[in-house]
Amino acid sequence: MTMSERVNLLGLPRAELEAFCAALGSKAFRARQLMNWLYKRGGNRFEDMSDLARDFRALLAERAELTLPQVVSEQCAADGTRKWLLRADQAQAFEMVYIPESDRGTLCISSQVGCALDCAFCATAQQGFNRNLSTAEIVGQVWLANRELGFQPGGARAITNVVLMGMGEPLANFRNVVAALRIFLDDLGFDLSRRRVTLSTSGLVPQIYRLAQEINVALAVSLHAPDDELRSQLVPINRLHPIAELLEACWHYIDEQNGRSVTFEYVMLEGVNDSPAQARAVARLLAGHPAKVNLIPFNPYTGTRFRRSSEAAIGQFRDLLLRGGVMATVRRTRGEDIDAACGQLVGRVTDRTVVRLGSRVEAARTRAAGVNA
Ligand code: SAH
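Presented here is an overview of the structure given in this document. Just so it is clear, the model here is predicted, and its values are computed rather than measured. (Residues numbered from 1 in each chain as written. Predicted model: local features only at pLDDT ≥ 70, side-chain atom pairs only at ≥ 80, totals over all residues. Heavy atoms only, no water.)

### A look at the sheet that holds strand S11 (residues 218-222)
- The 10 strands are arranged S3-S4-S5-S6-S9-S10-S11-S12-S13-S14 in an open sheet whose pairing can be described as mixed. The open sheet terminates on both sides in strands that have one partner only, identified here as strand S3 (70-76) and strand S14 (327-330). For this sheet, the mean angle separating the axes of adjacent strands, direction not counted, is 20°.
- Here 6 bridges tie strand S4 (residues 82-87) to strand S5 (residues 93-100), and the two strands are oriented antiparallel to one another. Its bridge partner lying in S5, Leu85 is registered against Glu95. (Pairing = 2+ DSSP bridges. Helix = DSSP H or I, 4+ residues; strand = E, 2+ residues; numbered from the N terminus. Axes fitted to C-alpha atoms, helices over the stretch in contact; angles between N-to-C directions.)

What follows is the structure in structure tokens.
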């Protein structure tokens, strides 16, 4: 049997892992043991999994693998935000970002390399679409971040929240994303509460209905404009699925999944979507529905024609939403100095690889020399 025929166990939700163990002629509880090693103890080598029978381990070594994305580089921002670049293939990479707060630790993960949705204000859109991430690459981000953050079995958890707000449109990679979500929520997996796993979508309406049948996580939707004319310019998928249709799908999701509310993301672009009249229009759309709004100050990147709204405009917009009967908050910008903020993830390795791989080699040398850098 060749390497490529081995099954990567990292991407398998519980039911599939059980089926895999059964196909090897093994008992279903082996799947539980494997998940325990993988997700509770951070194991990634079969030979370390000491409570698995020796012949089962031998069989696993032959038929299965535990393959994680490779870390290309890491950056740490002044505010403690950390960003990792992970390798997808020779030329492409994707990014994940860890955002520590006093009461939680949020990992922002990617679902695709690049993105096909082409939102006007997003840096990821500039690079176009490369490919979907596999379930193992999606789950692997949380696994790796746990390791990088010094997770100890039984110790306090560094990652309490996972948000699919990195590179890519998660609902365009539906199957792999849903399988990964199952592992995040599974008590034998990362055991995250369904309210602490958030999927953010630009508004793929049919997939929101499908998601409602599949899994219960928190839903965030990129609204960004109160009317179809403007939203179609900013978020082109709106031409296919206009606002009224999108909102219907959102309310359906909440009904179906007993959710509390949908979070509507609204990027604040100066002179584009930040006027008082637009705030009132957003309030009219959402008031009386299970909705809250998260205003995101625009994060600029090289080549963009947009500017961030002033703090005063953002504050006024929030107040008008509140007055209009809609819960609203302003997202604090994090990790800006390392381009880790919303819409700044690009993940290109070409032209950066050499430099970064170089500094990694140096870091490894320093560690080898016994310096705790
Ligand atoms: N593809 C998903 C996840 C994207 S990232 C989606 O579209 O929802 C999470 C949020 O950041 C989205 O609401 C996205 O529209 C927003 N965003 C994109 N670029 C941004 C930028 N430059 N500044 C601020 N927010 C941005």
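### Comments concerning the nonpolar core
- Core analysis: the largest hydrophobic core is formed by 119 residues, its most contacted members being Phe184 and Phe264.
- Lining this core are residues from two domains, each supplying at least three of them: domain 1 (3-65) and domain 2 (70-359).
- Dropping the residues within four chain positions of it, Phe264 is found in contact with Val221, Leu223, Leu247, Cys250, Trp251, Leu286, Ala291, Lys292, Val293 and Asn294. (Core = buried A, V, L, I, M, F, W, Y, C linked by side-chain atoms within 4.5 Å. Buried < 20%, exposed > 50% of the residue type's maximum accessible area, 1.4 Å probe, protein only. Domains from an automatic or database assignment. Contact = heavy atoms within 4.5 Å.)

### Section: the site of the ligand
- Neighbouring the ligand are 19 residues, the closest being Gly168, Ser200, Ser222, His224 and Asn299.
- Between the ligand and Gly168 there is a distance of 2.9 Å, counted from a nitrogen atom to a backbone nitrogen or oxygen.
- At a separation of 2.6 Å, an oxygen atom of the ligand approaches a polar side-chain atom of Ser222.
- Because more than half of its atoms lie within 2 Å of the grid, the ligand is assigned to the largest cavity.
- Mapped onto the shell around the ligand, the elements with two or more residues apiece are strand S10 (197-201), strand S12 (262-268) and strand S13 (291-297).
- Per-class residue counts for the shell around the ligand are 9 nonpolar, 8 polar and 2 charged. (Near = heavy atom within 4 Å. Polar contact = N/O pair within 3.5 Å; in protein donor to acceptor, adjacent residues only side chain to side chain. 1 Å grid on protein atoms, 1.4 Å probe; cavity = no way out; pocket = protein on both sides within 12 Å on 5 of 7 lines; lining within 4 Å. Sits in = over half its atoms within 2 Å of the grid points. Nonpolar A, V, L, I, M, F, W, Y, C, P; charged D, E, K, R; others polar.)

### Here we look at helix H5 (residues 135-148)
- With 14 residues, H5 extends 20 Å between its outermost C-alpha atoms, agreeing within 8% with the 20 Å of an ideal straight helix rising 1.5 Å per residue.
- At Gln141, H5 is deflected by roughly 25°, the largest bend along its length.
- Within H5, 12 of the 14 residues are buried, leaving the element largely enclosed by the surrounding structure.
- Within the sequence span of H5, burial applies to Thr135, Ala136, Glu137, Ile138, Val139, Gly140, Gln141, Val142, Trp143, Leu144, Ala145 and Asn146.
- Following H5 by one or two positions, Gly150 adopts a phi angle in the positive range, close to 75°. (Expected span 1.5 Å × (residues − 1). Bend = angle between axes of the 7 residues up to and from the residue.)

### Description of the packing of aromatic side chains
- A full pass over the atoms with the stated rule returns 6 aromatic pairs.
- Here Tyr266 and Phe317 contribute two aromatic rings whose centre-to-centre distance is 4.9 Å and whose plane-to-plane angle is 35°, an arrangement assigned as tilted. Pair noted here: Tyr266 is in strand S12 and Phe317 is in helix H11 (residues 311-323), with a separation of 51 residues, a long-range link. Like Tyr266, the residue Phe317 is buried in the burial classification.
- Look at Phe298 and Phe306: their rings are 6.1 Å apart centre to centre, the planes differ by 70°, and that puts the pair in the edge-to-face class.
- By relative accessible area, which is 2% here, Phe298 ends up buried.
- On the basis of relative accessibility, which here comes to 9%, the residue Phe306 falls in the buried class.
- Here the aromatic cluster, defined as three or more aromatic residues joined through ring pairs, consists of Tyr39, Phe184 and Phe190.
- One residue, Arg41, lies across the ring of Trp37, its end atom 3.9 Å from the ring centre.
- Over the ring of Phe174 we find Arg210, and its NZ or CZ is 3.9 Å from the ring centre. (Phe/Tyr/Trp six-rings, centres within 6.5 Å; stacked < 30°, edge-to-face > 60°. Lys NZ or Arg CZ within 6 Å of the ring centre and 35° of its normal.)

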